[in-house]
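# Architecture and fold: a report
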Amino acid sequence: MNNAISYERWRLLLMLVSIVAIGLLTDNWIVAILLPSALYIIWSFYQLYALERWLRKGAVKKKAPDSGGAWGEIVQHIYRRQLAAAKSKKRLSSMLTRFNTTISALPDATVILNPSFEIEWANKAAREVLGIDRRRDIGQRIDNLIRNPDFQRLLNKKRNKKQKNLEMPSPLNPADTISVRLVRYGKGSDQYLLLARDISERIEAQKTRKAFIANASHELRTPLTVISGYLEIMQSAPELCEEMQEPVRAAAEQAHRMQQIIIHLLELSRLESAELAESEGERVDVPEILSNISSTFSLAGDDGSHMINLDVDPALHLLAKEEEVHSVCLNLINNAVKYTPPGSTVDVRWYQNSMGQACLDVEDDGYGIAPEHLAHVTERFYRIDDGRSSETGGTGLGLAIVKHILTRHGGWLWVDSTLGEGATFRACFPKSRVLS
Ligand code: ADP
């Protein structure tokens with residue numbers, strides 16, 4: 001049995017003995033019962049008072065009252081619990097301070113938003129990147145402080161998406177560019193974390209790189225045209241001796257290839273330099289483009305042995321840049337012909353899918369693409385088989401151009417293939433660009 005309880009039993013026993021002794025001595029049993037009981041009650045009240053005073057004055061800091069018996073045990077229990085709670089509070093508070101210092105030291109702006117997009121917390125960098133002051137702006141709606149329309153759209157678009165990104169001009173200096181990321185988190189995913197960083201330097205470096213590629217390609221174009229011209233003249237000159245014929249032919253072929261690369265590089269830098277607005281473009285008769293490309297291949301194809309099957313919705317037209325749509329169709333069909341052995345069939349389908357998007361499927365039964373290459377074929381200069389690509393006059397830029405054009409038009413490119421069994425390329429344009 002608990003020590004305190006047995007101690008209390010002895011106390012009660014002593015009280016009973018006192019009652020009996022006083023009763024026998026005085027023969028007044030009322031006094032005999034009341035006197036020890038009153039003393040016991042007064043003593044208990046005193047213990048209660050001491051305990052309440054100790055708790056009121058901050059139990060852990062002050063010395064615990066020196067109570068005996070059950071009261072002492074109760075005081076000890078409370079003291080131990082208070083001590084453990086104080087320790088865990090101290091640990092939590094130091095963790096919170098460390099967490100606050102770490103997040104405050106992050107170079108990226110970090111802002112915590114509630115479900116109504118009101119600011120709950122922001123770190124120091126938020127002031128430098130977004131102009132949000134955590135003391136001044138807490139409780140304000142973020143879209144009242146950052147009034148960029150793209151940012152407002154980002155907040156209101158698809159609330160079910162876990163993470164959304166945007167690159168936009170800095171609210172502090174429109175000449176700078178910032179990258180903004182909105183992440184949903186928390187129970188029920190109704191809290192938002194807004195992360196932002198200044199990416200002006202990266203954008204500047206990208207601009208310099210693009211300008212360099214565009215300038216270098218432009219500068220190389222003229223001398224290459226001259227070289228190609230002379231090589232062509234030399235090839236057809238009757239006085240060219242026999243041993244020089246092969247080197248001149250090879251040089252002309254390489255010069256032609258370099259010209260193709262330059263044309264593609266210039267096309268890419270043109271695509272990168274101009275944005276395309278959502279409703280920009282003209283009516284493009286895609287069925288006609290496909291029919292022209294297919295007849296060019298049947299007339300002048302490698303050896304005329306590829307079959308191109310057209311399955312086209314004649315009424316499906318696009319609001320787009322005609323030259324660019326032509327480039328998408330030509331690159332995809334050209335690849336299907338290049339990467340299939342003679343005698344193969346290429347199926348071309350132009351249709352509206354169940355979501356209303358206008359899609360071009362180009363399916364071949366050629367060499368196909370191994371799974372590890374599928375994700376990379378749209379990268380610049382990515383060639384799976386350098387030899388085969390060079391043989392067929394490939395530049396490694398065709399699919400990069402296709403992807404760029406589709407992205408500019410709000411569309412997407414999908415590739416599926418089994419090695420040795422052929423490949424299917426699907427290029428889709430959004431419903432908003434469909435004209436029937
Ligand atoms: P290239 O000018 O070399 O054809 P692309 O960008 O058009 O460059 O294509 C990149 C690479 O993807 C090609 O080198 C080729 O290896 C592969 N590829 C593209 N289309 C097909 C296809 N229909 N079948 C098999 N491989 C393909």
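Because the structure is predicted, anything quoted here is derived from the model rather than measured. What you see as residue numbers is a count from 1 along each chain, following the sequence as written. Local features are withheld for residues below a pLDDT of 70 in this predicted model, meaning they are given only at 70 or higher, and side-chain atom pairs are given and counted only at 80 or more; totals for whole chains, interfaces and linings count all residues. Only heavy atoms go into the side-chain values, all of them from the structure, while hydrogens and water stay out.

### Regarding the packing of aromatic side chains
To keep things clear, this is the line we draw: Here is the rule: rings of Phe, Tyr and Trp (six-membered ring for Trp) pair when centre to centre is within 6.5 Å. Planes less than 30 degrees apart are stacked, more than 60 are edge-to-face, and the remainder are tilted. Strands are runs of DSSP state E lasting at least two residues, helices are runs of H or I lasting at least four, and both sets are numbered from the N terminus onward. Burial here depends on accessible area, computed with a 1.4 Å probe over protein chains only, as a share of the maximum for the residue type. Under 20% is buried, over 50% is exposed, and the range in between is partly exposed.
Within the structure shown, the criterion is met by 3 aromatic pairs. For the ring pair Y40 and W43, a centre distance of 6.2 Å and an interplane angle of 35 degrees mean the geometry is tilted. Of this pair, Y40 and W43 both sit in helix α2 (residues 29-56), 3 residues apart, which is roughly one turn of the helix. Given the relative accessible area of 23%, Y40 is considered partly exposed. Measuring from ring centre to ring centre gives 6.0 Å for W54 and Y79, while their planes differ by 40 degrees; the resulting arrangement is tilted.

### Details of the environment of D386
On the secondary structure map, D386 appears in helix α13 (residues 386-391). Owing to a relative accessible area of 46%, D386 belongs among the partly exposed residues under this scheme. Separated by 189 residues in sequence, D386 and R197 have C-alpha atoms that sit 39 Å apart.

### Structural notes on the domain arrangement of the protein
Under the convention used in this document: Bear in mind that the domain bounds are from an automatic or database domain assignment.
On domain assignment, one finds that the protein holds domain 1 (2-100), domain 2 (106-198), domain 3 (202-273) and domain 4 (282-435). Summarising the inter-unit geometry, the C-alpha centres of domain 2 and domain 3 are found 47 Å apart.

### Side note on the nonpolar core
The line we're drawing: In these notes, a set of buried Ala, Val, Leu, Ile, Met, Phe, Trp, Tyr and Cys residues joined through side-chain atoms within 4.5 Å is what counts as a nonpolar core. Here, two residues are considered to be in contact whenever any of their heavy atoms come within 4.5 Å of each other.
Core analysis: the biggest nonpolar cluster contains 42 residues, and L318, V325, L332 and W350 have the highest contact counts within it. For this core, the element with the most residues is helix α11 (residues 322-338), which contributes 7 residues. Residues from two domains meet in this core; each of domain 3 (202-273) and domain 4 (282-435) gives at least three. When neighbours within four sequence positions are excluded, W350 is seen to be in contact with V286, P287, L290, D311, V312, D313, L316, L318, A358, C359, L360 and F429. In terms of nonpolar packing, the next biggest core, distinct from the first, is built from 23 residues, F117, I146, L166 and I178 among them.

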